[in-house]
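Spelled out from the first residue to the last, the chains are:
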Amino acid sequence: MRKLLAFIQNLSLDVTAGAIISSLYVASLFGVTLENSMLIGLSVAIWLIYTIDHLFDAKKGNQVSTNQRHAFHQKYFKLISGAAIIVFLIGVFNLYYLPWVTTKLGLILAVLVAIYIGSLHLLKLNKTWHKEFLAAIIYSFGVFVAPLSLLEQWDVFVCYVFVVFFFIVITNLLVFPLFEYENDKNGDNQSIVTLYGKAFVRKLAAAILVINVLLIVCGMIYLNPVMTGARWLCSEYILFMMTMVLALLLMFPSFFQRNSRYRWVGDGIFFFPLIFLIL
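Residues numbered from 1 in each chain as written. Predicted model: local features only at pLDDT ≥ 70, side-chain atom pairs only at ≥ 80, totals over all residues. Heavy atoms only, no water.

Q: Please set out the overall build of the chain residue by residue, giving values where relevant.
A: Along the chain, the regular secondary structure elements total 15 helices and 0 strands. Whereas a compact globule of 279 residues would reach a radius of gyration of roughly 19 Å, the chain reaches 19 Å, a difference of no more than 12%. Taking the principal axes of the C-alpha coordinates as reference, the chain spans close to 55 × 45 × 40 Å. Burial status across the chain gives 50% buried among its 279 residues. Placing the 19 positive and 13 negative side-chain charges of the chain at their respective mean positions leaves the two points 10 Å apart. (Helix = DSSP H or I, 4+ residues; strand = E, 2+ residues; numbered from the N terminus. Rg over C-alpha atoms; globule rule 2.2 N^0.38 Å. Buried < 20%, exposed > 50% of the residue type's maximum accessible area, 1.4 Å probe, protein only. Lys, Arg positive; Asp, Glu negative; His and termini not counted. Charge placed at Lys NZ, Arg CZ, Asp CG, Glu CD.)

Q: Run through the confidence of the model for the chain, naming residues and quoting values.
A: Residues of the chain with pLDDT of at least 70 account for 90%, and the chain-wide mean is 87. Per-element confidence in the chain is highest for helix 5 (residues 77–94), whose mean pLDDT is 95, and lowest for helix 9 (residues 181–186), whose mean pLDDT is 76. (pLDDT = per-residue confidence, 0-100.)

Q: Lay out the packing of helix 3 (residues 36–58) against helix 4 (residues 68–75) with the relevant residues and their values.
A: The N-to-C vectors of helix 3 and helix 4 enclose an angle of 80°; their axes lie 8 Å apart at closest approach. Considering their axes alone, helix 3 and helix 4 lie roughly perpendicular with respect to each other. Mapping the contact onto sequence places Thr 51, His 54, Leu 55, Asp 57 and Ala 58 in helix 3 and Arg 69, His 70, His 73 and Gln 74 in helix 4. Classifying every residue of the contact of helix 3 with helix 4 by side-chain character gives 2 nonpolar, 5 polar and 2 charged. (Axes fitted to C-alpha atoms, helices over the stretch in contact; angles between N-to-C directions. Parallel < 35°, antiparallel > 145°, perpendicular 65-115°, else oblique. Contact = heavy atoms within 4.5 Å. Nonpolar A, V, L, I, M, F, W, Y, C, P; charged D, E, K, R; others polar.)

Q: Just give me the short version of the pattern of salt bridges, but keep the residues and values in it.
A: Per the counting criterion, the structure on display carries 3 salt bridges. Several salt bridges share partner residues, and in doing so they unite Asp 14, Arg 69 and Asp 267 into one network. (Salt bridge = Lys/Arg side-chain N within 4 Å of Asp/Glu carboxyl O.)

Q: Can you lay out unusual backbone geometry for me, pointing to particular residues and giving the numbers?
A: With a phi close to 60°, Ser 12 is a non-glycine residue in the positive phi region. By the element assignment, Ser 12 lies in the loop between helix 1 (2–10) and helix 2 (13–30). We classify Ser 12 as buried; its relative accessible area is 1%. The phi torsion at Ser 260 lies on the positive side, around 55°, for a residue other than glycine. As for its placement among the helices and strands, Ser 260 is situated in the loop between helix 13 (253–257) and helix 14 (261–268). Relative accessible area serves as the criterion here: at 30%, Ser 260 is assigned to the partly exposed category.

Structure representation (structure tokens):
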């Protein structure tokens, strides 16, 4: 079971599943229904983004990486590259079934991905564009592309949900390098923590979490979404729980460092919206 879970994690299948669940959750908040082609497109996009990023990282050095995912992609580089080509072709075929408005927003996502890959892996602008912030923007926008494309207009509530979700994603991507600092430092991998230090990143993540909690509380009080009553409060509690779990990662680093618990917990928060979808 442990090997199976590690395999799923190394291939970013858990991240992809979390993105699908989050997108369905956002669609439910907005009162729209996603088509199967949209979910397939999101799956292909998120998996390819993460996989291509890991493949580039795997190619950086000749030595075996100390990072578990990078080492996995080094070992199975050709096999994963072949799988990525097949998945890409599936994505191209799926474009035929996507609504045009979704495809247009998807093109914006493609531009963001090109900027990400080009600036970080080709132009080496790591100190100018921090991959954590770019990755947070891409992941968040990817989750929201399909639901946004089905809305006739974007109001304050839509912006609110996006900002709160984005803050959760960026905090997640700031917390992970705190736990991986030693591996990144020894493996000569650059992250926002290796650039600015643990103390700064910890304070930044904590500040974002505090702001997010305040936003969620304000949302509960002042916003008037499509749904009302207990279901609305449940949707807000989901966002609150996701935020508080990240706070626990910051508060108890020693506990979550053991056996890479931080990764399971940090990636696992994007499955919390499944509770809302089931209810």
